[in-house]
Amino acid sequence: MGTFKIEGGHKLKGSITPQGAKNEALQILCAVLLTPEKVVISNIPDIVDVNKLINLLENFGVKIQKNGQGSYTFQADDVNLEYLESERFKVDGSGLRGSIMIVGPLLARFGKGYIPKPGGDKIGRRRLDTHFEGFMKLGAKFRFNKEDHFYGVEAKTLKGAYMLLDEASVTGTANIVMAAVLAEGKTTIYNAACEPYLQQLCKMLNRMGAKITGVGSNMLHIEGVKELGGTSHRMLPDMIEIGSWIGLAAMTKSELTIKGVSWDDLGVIPSVFRKLGITVERQGDDIHIPEHKDGYNVQSFIDGSILTISDAPWPGFTPDLLSIILVVATQANGSLLIHQKMFESRLFFVDKLIDMGAKIILCDPHRATVIGHDFKSDLQATTMTSPDIRAGVSLLIAALSAKGTSTIHNIEQIDRGYERIDERLQAIGAKIIRVD
Ligand SMILES: CC(=O)N[C@H]1[C@@H](OP(=O)(O)OP(=O)(O)OC[C@H]2O[C@@H](n3ccc(=O)[nH]c3=O)[C@H](O)[C@@H]2O)O[C@H](CO)[C@@H](O)[C@@H]1O
Ligand SMILES: C=C(OP(=O)(O)O)C(=O)O
C-alpha cells in the first residue's frame with residue numbers, strides 16, 4: 001500500500017497542464033477493437049487504469065506501438081478470442097471499470113463479448129443493466145453466471161433497433177454505440193449520455209466510417225456499416241483533473257494557471273466553482289485562478305435559501321467533482337448542501353474531514369451539509385486512507401491546506417486516475433513525498 005506524506009499550509013504557484021482524460025481514454029481504447037486497421041491515439045494519460053486497459057488489449061493480441069509520450073498506434077488485425085475464455089482474463093478484466101466497454105466492440109465485430117464483474121471505485125451499486133439491455137435490443141443473447149459474476153453476450157448478426165435507455169449511463173451508451181455502428185440497419189438510442197467524452201468517441205467512430213448523427217444530444221441515430229477503418233484521435237484534457245486543480249488553488253489560497261483546458265468542453269464546471277465564490281478567469285484556453293487572499297463567499301439562491309450543489313447526467317454537474325466541491329466548501333465563507341444523487345457510498349469519506357476539524361453534517365448517504373470556516377480555523381493534519389479516486393484527491397487537497405504533516409495511505413486509488421500527481425504538485429511548490 002503506497003503512502004503520501006504531505007506538509008500542509010504552503011502556497012502553490014505556477015501553471016499546471018491537465019493530463020489527457022481518463023474516462024475518454026477508456027472508451028477510445030476499447031474502440032480500437034472495431035477495426036483491423038491502424039488507430040493512432042495521442043494525449044493518453046499514463047495512469048494505472050489506462051495502462052491496465054492497454055495491457056488487456058495486448059493480451060488480446062492487439063499490436064501496440066509506442067510513438068512517444070502519451071501516443072500509441074494500435075492494430076487489432078489478429079485478435080485472440082481464446083483469451084476471453086481464459087482464467088487470466090477473469091483477473092485482468094475485473095481490474096478496472098472501463099474494461100466493460102470491450103464487450104460492445106467484440107460483440108459487433110466477432111459475435112461475442114464476455115466480461116467478469118468490472119472493478120473501479122467502490123462508491124455504491126454500479127449496475128450494468130443498461131449495457132446488456134441495449135445489446136439484447138440489438139439481438140444479442142445474454143448469459144450471466146451468478147457464481148463467478150461473469151457476463152456474456154453473443155449474436156451471429158446484430159440488427160439495429162430503437163431503444164429508450166433506462167438511465168443515461170456513460171459507459172453503457174458508449175458500449176451500445178460501439179455495438180450499433182456495425183449492426184445491420186438503423187439504431188436510435190434515446191436518453192443517451194452525451195458528455196464530451198462520448199461526443200469524442202462518436203466523432204472518432206464517424207472518422208472511422210461510422211454513421212452517427214445527433215452527437216452531443218440525448219438522441220443518437222446510427223446507421224450500421226459493414227466495416228470500420230483506421231483513424232487518429234487526440235484525447236481532451238481531463239475535466240475532473242481541471243476541477244481538482246481549481247479546488248486546490250482556492251483552498252490553498254494559491255495563484256494557479258491551468259493550461260489548455262478546452263474551455264468549451266467544461267460545461268457548467270466553471271460556474272459551479274463560481275457559486276462557491278471562487279474566481280475562475282478565462283485566459284484564452286487557460287484557466288487562471290488568482291490568489292483568494294480574503295477567502296471565497298458562497299452564494300445563496302436568489303430567494304436567499306442555502307445553495308445546493310448536486311450531480312446530474314451531462315450537461316448537469318459531474319458526480320466525480322462533488323467530493324472536490326465538498327472539501328473546498330469546508331473553508332468557504334457560508335454554508336451549502338452537497339447532494340450526491342448518483343452514488344450511494346461516495347460521501348462517507350467526510351468522516352476524515354470531520355477528524356481534521358471540518359464542520360460537516362452527513363445528513364444521509366447522499367447529502368452532506370458543509371459549514372465553511374472562512375479560513376478562521378485551519379484543518380489539522382491527520383493520517384487517513386484514500387477510499388476512492390476522487391475522495392483521495394479531496395483528502396490530498398485538505399492535507400495541502402492543513403496545518404502540519406498528513407499521511408495518506410492507499411494512494412493506488414489516486415494513481416488510478418492522476419498522472420504522477422506528486423511530481424506535478426511538487427513542481428508548483430507542494431511539499432508532498434511518496435513513501436513506499
Ligand atoms: C469509466 C467511467 O467513465 N466512469 C464514469 C462513468 O461511470 P459509469 O458509466 O459506470 O456510470 P453510469 O453513467 O452508468 O452511472 C453512474 C451512476 O449514476 C446512476 N445514474 C446514472 C444515470 C442516470 O440518469 N441516473 C442515475 O442515477 C447510475 O445508477 C449509477 O449508479 O460515469 C459516471 C457518471 O458520470 C462517473 O462517475 C464515472 O467516473
Ligand atoms: C468513479 C470514477 O472512476 P471509475 O468509473 O473508473 O471507477 C471516477 O473517475 O471518478
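Residues numbered from 1 in each chain as written. Chains lettered and ligands numbered in written order. Predicted model: local features only at pLDDT ≥ 70, side-chain atom pairs only at ≥ 80, totals over all residues.

S.K.: Now, about the overall build of the chain: what can you tell me, with residues and values included?
M.R.: The helix and strand tally for the chain stands at 14 helices and 23 strands. Taken over C-alpha atoms, the radius of gyration comes to 22 Å for the chain, in line with the 22 Å a tight globule of 436 residues would show. With respect to the three principal axes, the spread of C-alpha positions in the chain is 65 × 50 × 50 Å. The buried share of the chain, reckoned over its 436 residues, is 50%. Across the chain, the fraction of contacts at a sequence separation of at least 24, relative to all contacts at a separation of at least 6, is 71%. (Helix = DSSP H or I, 4+ residues; strand = E, 2+ residues; numbered from the N terminus. Rg over C-alpha atoms; globule rule 2.2 N^0.38 Å. Buried ≥ 20, exposed ≤ 12 C-beta atoms within 10 Å, placed from the backbone. Contact = placed C-beta atoms within 7 Å.)

S.K.: Lay out the domain arrangement of the chain in plain terms, naming residues and giving numbers.
M.R.: Taken domain by domain, the chain holds domain 1 (3-19 + 237-435) and domain 2 (22-234). Using only C-alpha atoms to locate each centre, domain 1 and domain 2 end up separated by 31 Å. Listed as interface residues are 17 residues of domain 1 and, on the opposing side, 16 residues of domain 2. Split by residue class, the side of domain 1 that touches domain 2 holds 5 nonpolar, 3 polar and 9 charged. (Domains from an automatic or database assignment. Nonpolar A, V, L, I, M, F, W, Y, C, P; charged D, E, K, R; others polar.)

S.K.: Give a description of the UniProt feature "binding site: phosphoenolpyruvate" (unreviewed entry) in the chain that names residues and reports values.
M.R.: Taking the numbering used here, the UniProt-annotated feature "binding site: phosphoenolpyruvate" (unreviewed entry) corresponds to K22 and N23. Position of K22 relative to the elements: it lies in helix α1 (residues 22-31). What makes K22 buried here is the crowd of 25 C-beta atoms within 10 Å. In this view, K22 contacts P45, I47, D49, V50, D238 and G417; residues no more than four positions away in its chain are not counted. Inspection of the secondary structure assignment puts N23 in helix α1. (UniProt positions renumbered as here; feature names shortened; annotations may be inferred.)

S.K.: Account for the site of ligand 1, with residues named and values stated.
M.R.: Taken together, the neighbourhood of ligand 1 is formed by 17 residues, with N23, S169, V170, T171 and M342 sitting nearest. Counting residues per element, the shell around ligand 1 draws most heavily on helix α6 (residues 170-180), at 3 residues. Both domains that furnish three or more residues to the shell around ligand 1 are identified here as domain 1 (3-19 + 237-435) and domain 2 (22-234). (Near = placed C-beta within 6 Å.)

S.K.: Please set out the site of ligand 2 residue by residue, giving values where relevant.
M.R.: Near ligand 2 the following residues occur: N23, D49, R97, G120, D121, D320, I389, R390 and G417. Among the residues forming the shell around ligand 2, the class breakdown is 1 nonpolar, 3 polar and 5 charged. A domain-level breakdown of the shell around ligand 2 finds at least three residues from each of domain 1 (3-19 + 237-435) and domain 2 (22-234).

S.K.: Give a description of the sheet that holds strand β10 (residues 186-190) that names residues and reports values.
M.R.: Read across the open sheet, the 4 strands follow the order β9-β10-β12-β11; overall the sheet is mixed. The open sheet terminates on both sides in strands that have one partner only, identified here as β9 (162-164) and β11 (211-213). Looking at each pair of strands side by side, their axes are set apart by 15° on average, direction ignored. Pairing of β9 with β10 involves 3 bridges; the strand directions are parallel. Across the sheet, Y162 pairs through a bridge with T188, a residue of β10. (Pairing = 2+ DSSP bridges. Axes fitted to C-alpha atoms, helices over the stretch in contact; angles between N-to-C directions.)

S.K.: Run through unusual backbone geometry, naming residues and quoting values.
M.R.: Of the consecutive residues W314 and P315, the connecting peptide bond is found in the cis state with omega at 15°. On the secondary structure map, P315 appears in the loop between β17 (307-310) and α10 (322-329). We note that D374 has phi near 55°; this positive angle belongs to a residue other than glycine. With respect to the helices, strands and loops of the structure, D374 is situated in the loop between β20 (367-371) and β21 (383-385). What makes D374 partly exposed here is the crowd of 15 C-beta atoms within 10 Å. A positive phi angle, near 40°, is found at R420, a position not held by glycine.

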